[in-house]
Amino acid sequence: MTTAVGEPGDPEADQPPARDDHAFLGHPRGLATLSGLEVWERFSFLGMQAILVLYFADTVANGGLGMDPGTAASVSAAYGTMVYLVSVAGGWLADRILGSYRAVLWGGILIACGHYAMAVPTAAMTWAGLGLISAGTGLLKPNVASMVGKLYRTDDERRDAGFALYYMAINIGAFAGPLVTGWLGEHEGWHWGFSAAAIGMTAGLIQYVVGRRHLAGRKHSAEFALAPDAMRAAVWKIAGGFLAVAALATLLAGLGWLTMGRFVDLLTLIAVIAPVVYFAVMFRSSQVSAEERGRLRPYVVLFLASVAFNFILFQAYSTMMLLASTNARTEILGFHFPVGWYASALGAFEVALAPVVAALWVRMGRRQPHVSNKIAIGVVLGGLSFLLMVIPTSGHGGDTYQMAAWWIVGSYLLLGLGDVLLQTSGMSATTKLAPKAYSSQTMALWFLSLALANGIQAQVVKLYGEVSNPVYFGVNGSIAVVVGLAVMALAPWLRRTMHPVH
């Protein structure tokens, strides 16, 4: 790698030292810095999310918000929708105004402020905190993943393995976060759990700034910066638009029109429209070459596969948590644990499986499965994780049964392996297939698939508790399996059209 060393303010300081290229387990040293940031960001985000639906559904007397289970799951999914919708703006701001380094830095600051707000035990501060976290995650998530991609050449065979290691680090945070927040939430109060998430994000910010010299693309200026006059106009329009939307929302809420249910429905509608518009803009853009446009077509298939899988994955933190809280034992081999710890099982499996998958891809080299097949297998495993839950939820006369903890754990094992296969391959393929003029924004497009998955989930989870559990988990799991098999059937066409991705 080229060497141009300096601080982020130096326009030439866009590449780490050459000695960094194999300094971290055979990978660029910058991978450790970005992975460290994500450890703490996932610690805070998923630590909070593991208890969020439980907090929503808990009684007011116990410090919760007193929602019914279906509403609690729907609102939790709507929050996830908002998080990933904002990632589109985060990608654009990085490309045109802030640059990746500053976008990630400011995103982390907003996330930390949001968690500190949620630590205050009032409903108003909870909603304010969720808004700040949504804005911050939208800045951080698409851009930190793009920064990982910049550490490797497009044809570097370490690339998929690097993303697998990155994802393993993410899931160290996903494992540790619910352990801390789950215990604090159930033993000391939900807002104590939110406080732990705030401290975790602060730690992540500190190590990100300290390790910035190891990052590629760390200069302050945006890669495709707007002209100064256009940039000033854009900033004013963004600020004015934000204030106008906030004022309109406040007015409509005051008039009783903008209810929580309508807000959830509105987010779902936006989550459906946004990716359609975004794909249309990129396909028609004069900045996208014919060759790049050809690689976007197979990406649409991968996008839909991601939606199917993440629709299942995100319910690990909503319907699965609600099921565990009412119908699963919180005891393994005589050891009792908080319900929130079930979420840690998913992170634990991904921590254990990610290095195995990374080593396997390195060992296989060019003999490894095509990226589309990796994603397809991940979707099938996600569907099977739900189909497994049909067994322990069937054949009961009422809703008072208690299943063994191993059923939930087994479901998370299948889901964790599917997640490692799909997310690492999907993020890696996105950075390869991205048109150059939309580098950070195309990463945001991958997160729009997560927004759409959450948006669909926000509607479907309303059926949780209204239909029987075997029907709920059986139908949703079967749909995911069918989608995965369809992607496998399209593998020959995908291999032809996704060059240079193999």
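Everything here concerns the structure above.
Reading guide: rules and limits
- Residues numbered from 1 in each chain as written.
- Predicted model: local features only at pLDDT ≥ 70, side-chain atom pairs only at ≥ 80, totals over all residues.
- Heavy atoms only, no water.
- Helix = DSSP H or I, 4+ residues; strand = E, 2+ residues; numbered from the N terminus.
- Buried < 20%, exposed > 50% of the residue type's maximum accessible area, 1.4 Å probe, protein only.
- Contact = heavy atoms within 4.5 Å.
- Areas by Shrake-Rupley, 256 points an atom, 1.4 Å probe, with all protein chains shown as cover.
- Core = buried A, V, L, I, M, F, W, Y, C linked by side-chain atoms within 4.5 Å.
- Phe/Tyr/Trp six-rings, centres within 6.5 Å; stacked < 30°, edge-to-face > 60°.
- Salt bridge = Lys/Arg side-chain N within 4 Å of Asp/Glu carboxyl O.
- Patch = residues over 30% accessible without salt bridge, like charges linked within 9 Å, V, L, I, M, F, W, Y side chains within 5 Å.
- Expected span 1.5 Å × (residues − 1).
- Axes fitted to C-alpha atoms, helices over the stretch in contact; angles between N-to-C directions.
- Parallel < 35°, antiparallel > 145°, perpendicular 65-115°, else oblique.
- Left-handed = near helix turned anticlockwise from the far one by under 90°.
- Nonpolar A, V, L, I, M, F, W, Y, C, P; charged D, E, K, R; others polar.
- Polar contact = N/O pair within 3.5 Å; in protein donor to acceptor, adjacent residues only side chain to side chain.

Trainee: Mind laying out the overall build of the protein chain, listing which residues take part and the relevant values?
Mentor: What the protein chain contains, in helices and strands, is 17 helices and 2 strands. For the protein chain, buried positions account for 56% of its 502 residues. Taking the contacts inside the protein chain whose residues are at least 6 apart along the sequence as the reference set, 82% of them involve residues at least 24 apart. About 19500 Å² of surface is accessible on the protein chain, with carbon and sulfur atoms providing 69% of the total.

Trainee: So what's going on with the nonpolar core? Residues and values would help.
Mentor: Grouped burial of nonpolar side chains is what soluble globular proteins tend to show. Among the nonpolar cores identified, the biggest contains 97 residues, and M48, Y342, I408 and Y412 are the most heavily contacted of them. Sequence-distant contacts of Y412, defined by excluding residues within four places in its chain, comprise A316, M320, M321, Y342, A343, A345, L346 and F349. L34, M147, L165 and V357 belong to the second largest nonpolar core, which has 31 residues in total.

Trainee: Go over the packing of aromatic side chains with me, naming the residues and quoting the values.
Mentor: Under the criterion given, the structure shown has 15 aromatic pairs. Here the aromatic rings of Y55 and F194 are separated by 5.4 Å at their centres, their planes lie at 85 degrees, and the arrangement is edge-to-face. With Y55 in helix α1 (residues 30-57) and F194 in helix α6 (residues 190-210), the pair connects residues that are 139 residues apart, well separated along the chain. Under the relative-accessibility criterion, Y55 is labelled buried at 1%. Look at F337 and Y342: their rings are 5.2 Å apart centre to centre, the planes differ by 80 degrees, and that puts the pair in the edge-to-face class. Take F337: its relative accessible area is 12%, and that puts it in the buried class.

Trainee: Account for the side chain of T126, with residues named and values stated.
Mentor: Tracing the chain through its elements places T126 in helix α4 (residues 123-149). Its relative accessible area of 0% is what places T126 among the buried residues. Not counting residues within four places of it along the chain, the set of residues in contact with T126 comprises Y55, M118 and H191.

Trainee: Requested: an account of the pattern of salt bridges, with residues and values cited.
Mentor: Within this structure, the stated rule accounts for 3 salt bridges. Put simply, E38 and K141 hold a salt bridge, and the shortest N to O gap is 3.0 Å. Taken together, the residues span a long stretch of sequence, with E38 in helix α1 and K141 in helix α4 at a distance of 103 residues. This pair shows no difference in class: E38 is buried, exactly as K141 is.

Trainee: Quick rundown of a nonpolar patch on the surface? Include the residues and the values.
Mentor: On the surface, a cluster of nonpolar side chains totalling about 570 Å² of accessible area is made up of L266, L269, I270, V272, I273, V277 and V281. For I273, the location among the structural elements is in helix α8 (residues 260-284). Overall, the relative accessible area of 45% leaves I273 in the partly exposed class.

Trainee: Talk me through α8; I want residue IDs and the actual numbers.
Mentor: In an α-helix, one turn spans 3.6 residues; hence positions three or four apart end up facing the same way. Counted at 1.5 Å a residue, the expected span for α8 with its 25 residues is 36 Å, and the 36 Å between its end C-alpha atoms agrees. Of all the positions in α8, only V264, L267, T268, A271, P275, Y278, F279 and M282 are classed as buried.

Trainee: Can you explain the packing of helix α12 (residues 371-388) against helix α16 (residues 469-489)? Please cite residues and give values.
Mentor: Where α12 meets α16, the axes come as close as 7 Å, and the angle between the chain directions of the two elements is 165 degrees. With respect to each other, α12 and α16 are oriented roughly antiparallel. The interaxial crossing formed by α12 with α16 has left-handed handedness. For the contact of α12 with α16, a count of residues per class yields 15 nonpolar, 8 polar and no charged.

Trainee: Any details on the side chain of Q315? Residues and values, ideally.
Mentor: Here Q315 lies in the loop between α9 (290-313) and α10 (319-327). There is a polar contact of 2.6 Å between the side chain of Q315 and the side chain of Y472. When sequence neighbours within four positions are dropped, the list of residues in contact with Q315 reads M320, M321, F386, Q457, V461 and Y472.

Trainee: With reference to specific residues and values, describe the environment of H370.
Mentor: Residue position: H370 is located in the loop between α11 (342-364) and α12. Owing to a relative accessible area of 8%, H370 belongs among the buried residues under this scheme. For the pair H370 and R495, spaced 125 residues apart in sequence, the C-alpha to C-alpha distance is 7.1 Å. Among the polar contacts listed, one links the side chain of H370 to the side chain of S372, at a separation of 2.9 Å.

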